[in-house]
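What the coordinates show
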Amino acid sequence: LFAFGASAQSLNFSTYQLINGGEGQKGAEYRFDNVLSDVQGNAVVDCIVRIDEISAGVQLKSIDNATSNEAAFQPVLEHMNTTGPSWIEFSFSFVDHNDNSRNHNMFELPLLAASIYGLNGFDKAQEFAECDLGRNSEIIYETGINNLMVTRNGNAFRAENKWGVQTKKIADTYFNEKFSLLNKQITGFKVKF
């Protein structure tokens with residue numbers, strides 16, 4: 001659902017461990033190891049993903065299902081057939097790879113691109129994704145947006161599949177309804193599904 005790149009290099013969300021809280025619960029923190037490497041392949045940056053909010057009716061089955069795309073953050077969520085809005089909100093913090101202290105030294109990415117794709121409507125559910133990269137973030141539409149409604153609220157961009165139309169996947173490397181958010185000097189951001 002979300003693919004990330006920093007300074008023309010894809011981030012890697014393939015290896016993680018639970019470092020705080022209960023699996024899939026509010027307050028849980030996961031450390032993704034080696035999300036960014038230097039040119040020699042040495043680990044430089046890790047990412048701490050925290051579950052900030054989780055509403056009734058949502059269960060996190062897996063923090064990341066990166067079976068096909070290591071650069072993508074793809075949490076597996078299950079909707080429990082509740083009536084009304086349901087969501088989960090994550091915060092991402094970039095930290096030095098060698099910093100294992102509780103206070104974590106933040107790492108500033110010079111440029112971050114977050115691409116959002118794969119918002120399909122499932123029956124009556126109106127899938128959405130909201131991403132806040134901070135002040136001065138920009139949005140770039142990479143293909144025609146036919147089934148999504150994109151709005152801005154403060155620093156966050158929110159995309160919803162209002163019509164419940166399932167987007168067709170044309171090829172493994174190409175997704176309809178894709179757009180990207182860009183910002184500079186990023187140490188962290190928030191995402192809500």
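Note that the structure is predicted; figures quoted are calculated from it, not measured. (Residues numbered from 1 in each chain as written. Predicted model: local features only at pLDDT ≥ 70, side-chain atom pairs only at ≥ 80, totals over all residues. Heavy atoms only, no water.)

**Here's the deal with the overall build of the protein**
When its secondary structure is counted, the protein shows zero helices and 16 strands. Counting every position in the protein, which comprises 193 residues, the buried fraction comes to 41%. Long-range pairs, those at least 24 residues apart, make up 65% of the contacts in the protein between residues at least 6 apart in sequence. Of the accessible surface of the protein, which amounts to about 10300 Å², a share of 45% is contributed by carbon and sulfur atoms. (Helix = DSSP H or I, 4+ residues; strand = E, 2+ residues; numbered from the N terminus. Buried < 20%, exposed > 50% of the residue type's maximum accessible area, 1.4 Å probe, protein only. Contact = heavy atoms within 4.5 Å. Areas by Shrake-Rupley, 256 points an atom, 1.4 Å probe, with all protein chains shown as cover.)

**Here we look at the sheet that holds strand β5 (residues 43-54)**
If you trace the eight strands from one edge of the open sheet to the other, you get β3-β4-β5-β9-β16-β11-β14-β13, paired in antiparallel fashion. The strands lining the two open edges of the sheet, one partner per strand, are β3 (16-20) and β13 (148-153). Taken pair by pair, the neighbouring strands of this sheet meet at an average axis angle of 25°, ignoring direction. Relative to strand β9 (residues 88-96), β5 runs antiparallel, the two sharing nine bridges. Across the sheet, Ile48 pairs through a bridge with Ser93, a residue of β9. (Pairing = 2+ DSSP bridges. Axes fitted to C-alpha atoms, helices over the stretch in contact; angles between N-to-C directions.)

**Focus: unusual backbone geometry**
Notably, Asn34 is not glycine yet its phi reads approximately 55°, a positive angle. In this structure Asn34 comes out as partly exposed when scored by relative accessible area, which is 22%. A positive phi angle, close to 55°, is found at Gln185, a residue other than glycine.

**Details of the packing of aromatic side chains**
By the definition in use, this model includes 11 aromatic pairs. Relative to Tyr30, the ring of Tyr16 lies with its centre 6.2 Å away and its plane at 75°, an arrangement referred to as edge-to-face. A residue pair is termed long-range when its members are at least 10 positions apart, and Tyr16 in strand β3 and Tyr30 in strand β4 (residues 29-37) qualify at 14 residues. Taking relative accessible area as the criterion, Tyr30 reaches 0% and is therefore assigned buried. Through a chain of ring-to-ring contacts, three or more aromatic side chains come together here, namely Phe13, Tyr16, Tyr30, Phe32, Phe73, Phe90, Phe92, Phe94, Phe189 and Phe193. Directly above the ring of Phe128 sits Arg158, whose terminal nitrogen or CZ lies 3.8 Å from the centroid. A cation sits over an aromatic face here: Lys192 above Trp87, 4.7 Å from the ring centre. (Phe/Tyr/Trp six-rings, centres within 6.5 Å; stacked < 30°, edge-to-face > 60°. Lys NZ or Arg CZ within 6 Å of the ring centre and 35° of its normal.)

**Regarding the environment of Ser91**
Residue position: Ser91 is located in strand β9. Given a relative accessible area of 13%, Ser91 falls into the buried group. A C-alpha to C-alpha distance of 6.4 Å links Ser91 and Val191, two positions 100 residues apart in sequence. If we ignore the near neighbours within four places in the chain, the residues touching Ser91 are Ile48, Val49, Arg50, Asp52, Phe189 and Lys190. In terms of polar contacts, Ser91 uses its side chain to reach the side chain of Asp52, at 3.1 Å. (Polar contact = N/O pair within 3.5 Å; in protein donor to acceptor, adjacent residues only side chain to side chain.)

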